[in-house]
Amino acid sequence: MFWIILNTGMIIEGERYITMKIQFNSNINIENRGYTAHNVPCKIRYSGPSDEFEDNFIFDEDNTNDMYVNYLRGCKIVGQEINSVFDKEVNCYLMDVTGDMDISESHNDKNGDSDNKKLESISLVPVAKILKVINYERDGNESRLVEEMGKFEESLELNELIHG
Amino acid sequence: MSILPPTVEASLDSIHTKTYYSKVPDEIANGSDIKVILGVDEAGRGPVMGPMVYGISYCTQRYQDEVLIPNYEFDDSKKLTDVVRRKLFAKMYEPITEGSDQVEIDGVGYATTAITPVDISSGMLRFPPSKNYNLNEQAHDVTMALIEGVVQRGVVLDHVYVDTVGPPNSYQKKLEERFPSIKFTVAKKADSLYCVVSVASVVAKVSRDILIEKLKRSSDEKTGSGYPSDPNTVAWLRDNQRPLFGWPNSMVRFSWQTCKTLLVEDKYKVGSIPIEWEEDYIVSKKNMSQQWTPATANDIITLDNWYN
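Rules used in this analysis
- Residues numbered from 1 in each chain as written.
- Chains lettered and ligands numbered in written order.
- Predicted model: local features only at pLDDT ≥ 70, side-chain atom pairs only at ≥ 80, totals over all residues.
- Heavy atoms only, no water.
- Domains from an automatic or database assignment.
- Contact = heavy atoms within 4.5 Å.
- Buried area = accessible area lost by both parts, 1.4 Å probe.
- Helix = DSSP H or I, 4+ residues; strand = E, 2+ residues; numbered from the N terminus.
- Buried < 20%, exposed > 50% of the residue type's maximum accessible area, 1.4 Å probe, protein only.

**Student:** How would you summarise the domain arrangement of chain B if you had to cite specific residues and measurements?
**Tutor:** Many analyses report the size of an interface as the accessible area lost when the parts associate. All names here are of chain B. Looking at chain B, the domain boundaries give domain 1 (6-215) and domain 2 (231-283). Using C-alpha coordinates to define each centre, domain 1 is positioned 31 Å away from domain 2. Residue-level contacts link 21 residues of domain 1 with 17 residues of domain 2. Both faces considered, domain 1 and domain 2 share a buried interface measuring about 1500 Å² in area, 67% of it formed by carbon and sulfur atoms. Three residues, Val48, Met49 and Phe127, lead the burial of domain 1 against domain 2; their summed loss comes to 40% of the area buried on that side.

In structure tokens:
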């Protein structure tokens with residue numbers, strides 16, 4: 001059984017990568033099995049289980065240059081593994097929101113600018129352990145895939161400089 | 001004796017486009033200063049299911065005029081029955097006697113390229129739309145690659161006859177620019193006018209028909225001809241549609257309007273899951289910023305509403 005996770009937020013465990021307060025409920029047992037998450041370049045209006053992956057979501061044997069090739073409703077999608085940029089001590093989970101989000105009404109930053117609302121805390125539970133995350137773009141648009149990976153790595157480096 | 005055509009063997013169980021070339025006939029391989037003519041035709045351009053097969057055949061002008069035309073009933077493949085087509089093609093690849101490599105129609109060389117539904121759809125559904133590889137371009141490229149393949153095998157072509165469904169003039173010019181030493185005749189209904197094209201037509205049609213049969217996942221599965229107008233094909237699409245992926249990508253051309261309509265309208269009530277692609281928003285009146293802005297400007301952007 002596979003899960004479509006596109007419409008579900010993914011959170012990476014480890015305090016230095018958390019930008020909001022997250023109550024990580026570690027008492028809940030998650031499946032021992034690890035999953036691969038596929039971040040596809042479309043909006044799938046469904047969240048939940050599906051038994052269609054086994055017969056339909058099969059990597060193309062022509063995979064080259066560490067790129068993953070797959071097909072979704074006739075569209076060729078080309079993907080690259082994201083988690084290769086993390087260090088090995090980072091774990092990745094599929095998370096689900098439980099309860100209400102705690103939202104404060106106003107917030108002033110040091111420049112005096114005010115946000116109307118600010119998310120203060122959120123309660124999440126891990127649903128499944130993700131062993132591999134693959135980010136895809138459409139065939140013909142691979143340049144964006146490279147750009148996104150570059151920006152992601154830059155973001156991690158900045159995060160490390162600021163919080164690390 | 002009934003064996004699968006080599007053109008079919010080459011493409012079986014592949015989700016990607018495959019090409020097969022027969023051996024160059026001895027008369028052409030060993031001869032010099034002979035006029036070789038070549039015909040091009042396709043089968044399965046319109047169907048929503050199965051591959052589109054491009055076929056070529058070539059022989060000497062003499063072999064066409066003195067052997068093929070007087071002795072065999074090659075014609076536009078659609079005018080021949082399935083049995084006649086298969087019988088004619090078999091004479092080009094089935095040995096006359098078991099164990100020998102001698103065939104009855106030994107003066108004709110042939111080749112096919114079976115463009116699979118996966119390659120047709122993924123080419124036509126590239127993004128951004130300016131990168132689309134439309135069916136005409138795919139057809140032209142495959143045709144030129146097949147001709148090039150014959151030339152690379154040492155065959156000196158004199159005249160190539162091409163059956164086309166599109167505008168003949170621009171296509172003929174394109175071919176003449178690519179192969180300046182070869183004469184070209186590009187015409188509609190060329191399969192009825194030139195015997196060598198009729199042979200190519202039979203090769204392509206028989207190969208496609210068998211490939212369609214081989215797509216069946218069980219012996220009693222009825223896929224029909226693959227044309228959207230065929231009731232059996234319509235019934236197959238209805239019975240095999242799944243909510244998320246639609247149909248097996250090895251069988252169906254998702255780039256066909258028939259598929260798009262069934263997936264969006266969920267005509268058969270299979271619970272088809274809406275999937276929106278970036279190009280769906282290109283025609284939207286909202287600009288990109290408006291499309292991604294939450295319904296209420298003051299709402300907090302969360303991962304959930306960002307992706308929804």
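After that view, the rundown keeps rolling.
**Student:** I'd love a proper account of the side chain of Asn141 of chain A, names of residues and values included.
**Tutor:** You can see Asn141 of chain A is positioned in the loop between β13 (118-138) and α2 (142-163). Judged by relative accessible area, which is 10%, Asn141 of chain A ranks as buried. For Asn141 of chain A, the residues in contact, after removing those within four places along its chain, are Phe127 and Pro128 of chain B.

**Student:** Describe the side chain of Thr112 of chain B, listing the residues and the values that go with them.
**Tutor:** Residue and element names in this part refer to chain B. Note on placement: Thr112 falls in strand β4 (residues 109-115). What makes Thr112 buried here is its relative accessible area of 2%. Contact partners of Thr112, with chain neighbours within four places excluded, come to Thr7, Lys18, Thr19, Tyr20, Val53, Tyr54, Gly55, Leu146, Val203 and Ser207.

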